[in-house]
Every structure is written in C-alpha cells, then in structure tokens.
2 protein chains.
Amino acid sequence: MTSRLEALCLEKGLKMTGQRRVISQVLSEADDHPDVEEVHRRAVRIDPRISIATVYRTMRLLEDAQVIERVDLGDGRARYEEATADHHHHLIDTRTGRIIEFASPELESMKERIARELGYKIVGHRLEIYGVPLDEDERP
Amino acid sequence: MTSRLEALCLEKGLKMTGQRRVISQVLSEADDHPDVEEVHRRAVRIDPRISIATVYRTMRLLEDAQVIERVDLGDGRARYEEATADHHHHLIDTRTGRIIEFASPELESMKERIARELGYKIVGHRLEIYGVPLDEDERP
DNA sequence: TCTGGGATTGCGAACGATTTTCAGTATGAT
DNA sequence: ATCATACTGAAAATCGTTCGCAATCCCAGA
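Quick look at the structure, then.

Rules behind the numbers
Residues numbered from 1 in each chain as written. Chains lettered and ligands numbered in written order. Predicted model: local features only at pLDDT ≥ 70, side-chain atom pairs only at ≥ 80, totals over all residues. Heavy atoms only, no water. Near = heavy atom within 4 Å. Polar contact = N/O pair within 3.5 Å; in protein donor to acceptor, adjacent residues only side chain to side chain. Helix = DSSP H or I, 4+ residues; strand = E, 2+ residues; numbered from the N terminus. Nonpolar A, V, L, I, M, F, W, Y, C, P; charged D, E, K, R; others polar. Pairing = 2+ DSSP bridges. Axes fitted to C-alpha atoms, helices over the stretch in contact; angles between N-to-C directions. Contact = heavy atoms within 4.5 Å.

**What to know about the protein's contact with DNA strand C**
- Around DNA strand C, the structure places 20 residues, and the nearest of them are Q19(A), R49(A), T54(A), R57(A) and A78(B).
- Near the protein, meaning within 4 Å, the atoms of DNA strand C are sugar or phosphate in a fraction of 75%, with bases accounting for the rest.
- Within the side chain of K15(A), an N or O atom sits 3.3 Å from a sugar or linking oxygen of DNA strand C.
- Separating a sugar or linking oxygen of DNA strand C from a side-chain N or O atom of Q19(A) is a distance of 2.8 Å.
- When residues of the surface near DNA strand C are traced back to their parent elements, those giving at least two are helix 2 (18-29) and helix 4 (52-64) of chain A together with helix 4 (52-64) of chain B.
- The biggest single contributor to the surface near DNA strand C is helix 4 of chain B, with 4 residues.
- Taken together, the residues that form the surface near DNA strand C break down as 6 nonpolar, 5 polar and 9 charged.

**Side note on the pairing of strand 1 (residues 68-72) of chain B**
- One ladder, built from 5 bridges, connects strand 1 of chain B with strand 2 (residues 78-82) of chain B; its direction is antiparallel. When the sheet's bridge partners are listed, R70(B) is paired in strand 2 of chain B with Y80(B).

**Looking at the sheet that holds strand 5 (residues 120-133) of chain A**
- Spatially, the 6 strands line up as an open sheet ordered 4(A)-3(A)-5(A)-5(B)-3(B)-4(B), and their pairing is mixed. Because the sheet does not close on itself, it has two edges, and the strands there are strand 4 (99-102) of chain A together with strand 4 (99-102) of chain B. On average, each strand axis in the sheet is inclined to that of its neighbour by 20°, with strand direction left out of account.
- Relative to strand 5 of chain A, strand 3 (residues 89-93) of chain A runs parallel, the two being bridged by 4 bridges. Paired with H90(A) across the two strands is E128(A), which belongs to strand 5 of chain A.
- Along the sheet, helix 5 (residues 105-117) of chain A makes contact with strand 3, strand 4 and strand 5 of chain A together with strand 3 (89-93), strand 4 and strand 5 (120-133) of chain B, crossing strand 5 of chain A at roughly 130°.

Encoded structure:
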C-alpha cells in the first residue's frame, strides 16, 4: 500500500527505496511533531535495518522536496510535520509539551504589513507561543 | 567604571570577577546580537585571559539572572541581547544578516487573544520574520 | 528477464556548538 | 590577612547532525 508521502515522492521523481517507503509511511501516519530520533524509532519498528543516518538524509531530502517542513521549537533538535498549504503556527504547552497548531489570517496580514513598513518582503517567518492552560475560572 | 550590566550583577548578588566585569562591559556596549564566540572575541580584546568556557558560563548566568536574553535566530547558535522590559521581535535580512528590531502592540494583543481562545495563558513567545529588502518601486 | 552504473545505504568518524570535569586560582565575608 | 567557597582555564565529553567510504540497491535499457 502506498502512503500519502510515498505518492508525493514518486511524483517528485525521487528514487523509491525500502527505507524511504518506511519513513514516508511513518511520517504519513504521524499526527504529532516527531524529531529525527522518534522517526527512526518508529521506522525501526517496521523495518529494523534502517539507520539513523538514513533517516537524517531522508528528512533533509523530503524537506528540500517540500514534502515535509522543519519546525524549530526551541529544544535543540529539529522536528517535522507534513507540509501544508496554509501557514500555521504552534502554541506549546510548557507543562505537557503538547503542541497546538493554529492559524490566523489577521496575524498573517499584520506581519506582512509590519515587514512592508520596514521596507521588507517576507521570505519566511515563524511564531511560537509558549503557554500554560488557563484556570477553570479564567476560561473564555 | 561600572557598566550597566555589572551594576545589575552586583544587585543580584553575583560574585564580581574580572572576567564577568569584562563580559558585562562587552554586552553593555553591544548594540547588536552577538553570539558567544563574538562576545569572546570582544572580551579577549579587553583582557586576553578569558576562556570561551567562561563566556559560555557567564552568558548562562546572566540569562538565568534575566540580565540578558537569548535570541534564537535559526542559525545554529545562541545570540544574545540585553533584557528589556518591552517585548519586541526580529526581522532578519536574509541577504545581509542584518537584524531589525520591531514592536507591535497590536501583535501582542492579537497573540494574547489567540492564546486565550485556545484556553492558554502566555508564558513566552517569539516571532521572527525573515525577509529581503523591497525593490525601489515597491516601497510604501 | 538480466545487467550496469549511478544513487543510496550503513557504519563509524567528524563536526560545531555547548557543557562538564577537574585541578588550580581568585573573591569577599570574617 | 585568612579561608571557605565560588570561579576559572584547558581539555575531554556530550548532543544533534553531517560526512566519507565501501557495500548494496534500484531501475532504464538490452
């Protein structure tokens, strides 16, 4: 069975090896933001003969092919998510590490406007909010 | 002469050594976002017997004491700036590496609102915009 | 279906940024 | 001035990541 990412790789003309197939599957099934070690851990469960170096190489390949996106969440390692058309950002629960994705068109346009006022054209950006859950009585 | 940061250190009850004095001076005089190596380079100009390890240690100390702030600009190393009361963000010129600081109260409140809607209280956040200068004819 | 050669892999070594270890040194309270 | 303690330099260790290289795999073409 062909995973979503595997299809994308074929589309981009990437050579489809066993390990790339497995890593694509792992990433297709992930709904979190695994780092390379975690991807490797999951990949090895499917096929034990996959080295961490290959995972690193494949992640870079997929990133370059714009199939996945690197997310830098401030802990020293790279995390990844499937590439999506819409810009979104991350709210990190500092108590649990849970990551909540959110998008805000207003935020996007404000950011555009700020850059424009400073005389710049945006080529990339990133916003992360670190937070803790509101107490019961503070909920909106 | 006592630099601004040195005064802050004394205030916090930190032991004032020669190297801390020099590093404090370097940081007080900096108006950019130097990384550890750059701080070390500047410190050594004032007193050559300062090791990079001490700079690393002192930066962490000052960061913990909230005297300076770590800025993660996406190039693999930590950069620093003096801690300020007001939140501000960074626009990084990807062509030259120039860093432009900006603040936006609207952005702050929007970010508060987003967190609140998601059921969170903000404990920290960061926004970086990467951009290239607008062409002449695009300037606002 | 078989083959050749370039792409890909696994391993371990190399890497850059940062932290730690440890023995020697300096600081500030007394 | 003394002394316990905190601090320092130098080198080794650590962490995430990349690289070099020989062995292996994939797939277009015969």
